Amino acid sequence: LLSICPSYIFPCSPLITLHLKVPKKKMGTMEDHHDPYGHPGMDIEPGKTSPVAVPPPQPFFKSLQSSLKETFFPDDPLRQFKNKPRSRKIILGLQYFFPFLEWAPGYSLGFLKSDLIAGITIASLAIPQGISYAKLANLPPVLGLYSSFVPPLVYAMMGSSRDLAVGTVAVASLLTGSMLSSVVSPTENPKLFVHLAFTATLVAGVLEATLGLLRLGFTVDFLSHATIVGFMGGAATVVCLQQLKGIFGLDHFTQATDLVSVMRSVFSQEHQWRWESAVLGCGFLFFLLLTRHISKRRPKLFWISAMAPLTSVVLGSLLVYVTHAEKHGVQVIGYLKKGLNPPSLGDLAFNSPYFPVALKTGIVTGVIAMAEGIAVGRSFAMFKNYNIDGNKEMIAFGMMNIAGSLTSCYLTTGPFSRSAVNYNAGCKTAASNIVMSIAVMITLLFLTPLFYYTPLVVLSSIIISAMLGLIDYQAALHMWKIDKFDFIICISAYIGVVFGSVEIGLVIAVAMSILRVLLFVARPRTYVLGHVPNSICYRSVDQYPAAQTVPGILILDIGAPIYFANAGYLRERITRWIGEEEDRLKQAGESSLQYVILNMGAVACIDTSGISMLEEVKKIIDRRGLKLVLANPGGEVMKKLDRSKFIELLGQEWIYLTVGEAVGACKYMLHTLNPKPSSTDNV
C-alpha cells in the first residue's frame, strides 16, 4: 500500500524516486522475431501502413440518443418489443411491470407443492423474526407481523426473483429505531414514533420506485462489496450488543449504539441483572446455533434451522406459562392486537415538525434495504441460472413499501436468511411469498393471543443467532489476501459502525467507496511496455520481466480514459517516465531516447482537458528533442483528436493501428537517420 502512495500523490515529486527496474534487454535480431505484419522485428516506413480511421460524423441527436441508451438501458429492455404486433406488445408491457403474468399461465401442481412447502417453512421463520425486528426498531411487535403480510403479496406480483422472501430486516430496523429515537422517544410518545416510521417507509418506497422507473439502478453499485461487508458486519455487531438488554432482563438501556456506551450501560446496572433471563437466553441461543450448525453440515436438513426460531418461541412461551416466570423477572411480549392490517394513510406525518428526520431516515434505510435486496436476489438467481433486472426489483421494492406504509407496515426488503431458507426449501416461483402471507394472515386473525407469554429474551436470542451470520469475517480475510485497500474500506466501515454509530459507519463506508472510485479515476495506471519474446505482443515489463525494451524508444501504456480528473496527473507522470528513462540510458551508456509511443488502447474516451494535456505533452517532448507517437487510438478518441486539429498538429503519419507498427516506424527512422547503428542497437 505504501509503495503505491507516492505514485498516487506525488506523480513527479523530485523528493520521491521510485527505483523501477526496467529490464535493460534489447530487441533481438530481425531473424529472431521476423513477422510479416511488421510487428517486433520489421522496420516500417512512416505513412506506409494502414491509416487509423476517423469514424464518420453522426448527427448530434443520434449520438446523444446512443449515449443515453448505453447509460440508462444497457440491457436494452425494449428489444423484446421489436417486430411484435400491438397486442403482443401490450402483453409484454404488462409482464414487464407484473412478472407474475409470465409464470402464472404455466403454473403447475408440482410448482404449487414446492411453493407450499417453502412458504410454510419461511412463515415459521418470518413470524418470530417479524416480532423480534419490530422490537429492535422500537415499534409495537404486531407491526412486524403486519409487515410480513401485505408487502410479500405486492412483491409476488411485481418481483422478478423466484427465490427472494420478503420481510423486515435487522439492519433497516436498527436504523429506523436509532434515527427516529434521536428526536422522538418511543416510550414517551409511541404514537408519533409509529407515524414517523410509516412516513419513513413511504419515503423509502417512493425513492426506490423512482430510481427504478428512471433506470438509475447503477447508483446502488457505488456501494462496493467491501463497503457492504464492513457495514453489515458492524451493524450486526451493534444489533447483537443491543440484545444484551433482553438477555440480562434490563428495564433501562442506553439509546446509543456504539460499543462503549452499550458496555457502560450493561456493567453500570450489574446489580439489576436477572439470572433467570440470562440462563433462558443463553440456553435458547445455544439451541439456535446448534440447529444452524446441523443444517450447514447437512444441507438437506435445512428445515431444522428454519423451524428453530418458531420452536424456540413455542417452547419459551410454554416454559414461562408453566413456571410463571413472568413473575420472576422474565419479561414477556404481552398483548398483541388481533386482526389484519389497519389502514394508515391518515397517520402519515407530513405536517409534523419531525418530518425532515423521517425523510432522512427513509432515504438512508431505503438505499440500504434496496442494496441488500438486490444483492440477495442476484445471488440466488446466479445459483439457478436466471437473471433479474435490478431496476424492476427497485420498482417492486418501492411499490411494496408504498403499499406497506398505507397499511401499517414499516420498511421491508429481501433478507438473506429468509431467502436462503426459501431457496433451500425448493421454491419454484414467487408464489411462496403468497403462501407465507396467508400463514401470517391466519396468525393475525386467530393466533396472536398465543404470543402473550413469549419471553423477550427468546426474541433477543433469535436476533443474535440471525446476526452472527452477517459478520462475514471470512470475506474480510479474503480481502486482506487479495486487495489490501478493500480490506481497509471494510474495516473502516466496521469500526465506524461499532465505535461511532450506524449513521457514522454508513457515511464512512460511502466516503471510502467514493475515495476508491476517485483514486481509480484520477490516478490511472501507466506502464512501460516491452516486447515479449517469441510473440508479437508488447506487455508491461513489470508483469513480464523477460519483456525486452526497444533501444531509443519508450513505450507507455495509459490504462484509463483521459479527461479533466486525471489529465494533470498523466501529464506529470508521462514527463516523469521520460526523465527516468533518459537518466537510465545515460547511466547505462546506451543510445539516447528518440521516440515516445503512447499506447491508447485502453483510452475509451477523451475530453477537451485530455486533448490539452496531449498538446502539452507534445510540447514537452518537442523541447527535449523527441518525437511523440500514438498507437491504437479508439474511434471516439480519433473523432475528438480530428475535430481539435491535434492530428494535424501531430501528423497522421505518427498515428498507428498497433504498438508493433509504431515501433517498426520508429526503428525505420532510427536506421534511416543513423544508417551505421552502434553495437548496442543489435538489430
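Residues numbered from 1 in each chain as written. Predicted model: local features only at pLDDT ≥ 70, side-chain atom pairs only at ≥ 80, totals over all residues. Heavy atoms only, no water.

The subject of this paragraph is helix α17 (residues 416-424). Within α17, burial applies to R418, S419, A420, V421 and N422. Considering only its buried residues, α17 is in contact with α5 (109-136), α14 (302-323), α15 (355-383) and α18 (431-447). Among the residues trailing α17, G426 stands out with phi positive, at a value near 90°. (Buried < 20%, exposed > 50% of the residue type's maximum accessible area, 1.4 Å probe, protein only. Helix = DSSP H or I, 4+ residues; strand = E, 2+ residues; numbered from the N terminus. Contact = heavy atoms within 4.5 Å.)

Now for the packing of helix α13 (residues 275-297) against α14. One way to put it is that α13 packs onto α14 with a least axis distance of 8 Å and a crossing angle of 160°. In terms of orientation, α13 lies roughly antiparallel with respect to α14. You can see that α13 and α14 cross each other, and the crossing is right-handed. Contacts between α13 and α14 involve L280, F284, F287, L288, T291, R292, I294 and S295 from the former and F302, I304, S305, A308, P309, T311, S312, L315, G316 and L319 from the latter. Its residues placed into classes, the contact of α13 with α14 shows 11 nonpolar, six polar and one charged. (Axes fitted to C-alpha atoms, helices over the stretch in contact; angles between N-to-C directions. Parallel < 35°, antiparallel > 145°, perpendicular 65-115°, else oblique. Left-handed = near helix turned anticlockwise from the far one by under 90°. Nonpolar A, V, L, I, M, F, W, Y, C, P; charged D, E, K, R; others polar.)

All told, the structure shown has 10 salt bridges when counted by the stated rule. Of the charged contacts in the structure, one is a salt bridge between D163 and K384, with a shortest N-O distance of 2.7 Å. Here the residue D163 occupies a position in the loop between α7 (150-158) and α8 (170-181), and K384 occupies one in the loop between α15 and α16 (390-405), the gap between them amounting to 221 residues. Among the residues examined, D163 registers a relative accessible area of 0% and is labelled buried. K384 sits in the partly exposed class, given a relative accessible area of 28%. For E580, the salt bridge is made with R576, and the minimal N-O distance between the two is 3.1 Å. Within this pair, E580 and its partner R576 are both found in helix α23 (residues 567-588), separated by four residues, close to a single helical turn. A single salt-bridge network, built from bridges that share partners, covers D483, D486 and R516. (Salt bridge = Lys/Arg side-chain N within 4 Å of Asp/Glu carboxyl O.)

Right, let's get into the nonpolar core. Grouped together as the largest cluster of nonpolar side chains are 98 residues, with contacts concentrated most on I131, L139, L175, F231 and M467. Those residues in contact with L175 that lie beyond four places of it in its chain are F231, V364, T365, I368 and V502. Among the nonpolar cores identified, the runner-up in size contains 52 residues, and I562, L585, I597 and L626 belong to it. (Core = buried A, V, L, I, M, F, W, Y, C linked by side-chain atoms within 4.5 Å.)

Burial analysis of strand β4 (residues 595-599) places five of its five residues in the buried class, the great majority of the element. Of the two faces of β4, the one lined by Y595, I597 and N599 and the one lined by V596 and L598 are each fully buried. Where strand β3 (residues 553-558) meets β4, five bridges bridge the pair, whose relative direction is parallel. Across the sheet, I555 pairs through a bridge with I597, a residue of β4. (Pairing = 2+ DSSP bridges.)

Per the UniProt record, "domain: STAS" (unreviewed entry) is annotated on residues 543-666. Annotation note: span residues 543-666, helix share 48%, strand share 15%, distance between end C-alpha atoms 24 Å. (UniProt positions renumbered as here; feature names shortened; annotations may be inferred.)

Moving on, we get to helix α19 (residues 456-468). Its 13 residues place the ends of α19 19 Å apart at the C-alpha level, agreeing with the 18 Å of an ideal helix rising 1.5 Å per residue. The buried count for α19 comes to 12 of 13 residues, which makes it a mostly enclosed element. L456, V457, V458, L459, S460, S461, I462, I463, I464, S465, A466 and M467 are the residues of α19 that are buried. Taken together, the buried residues of α19 touch α5, α8, α10 (225-242), α11 (244-247), α13 and α14. (Expected span 1.5 Å × (residues − 1).)

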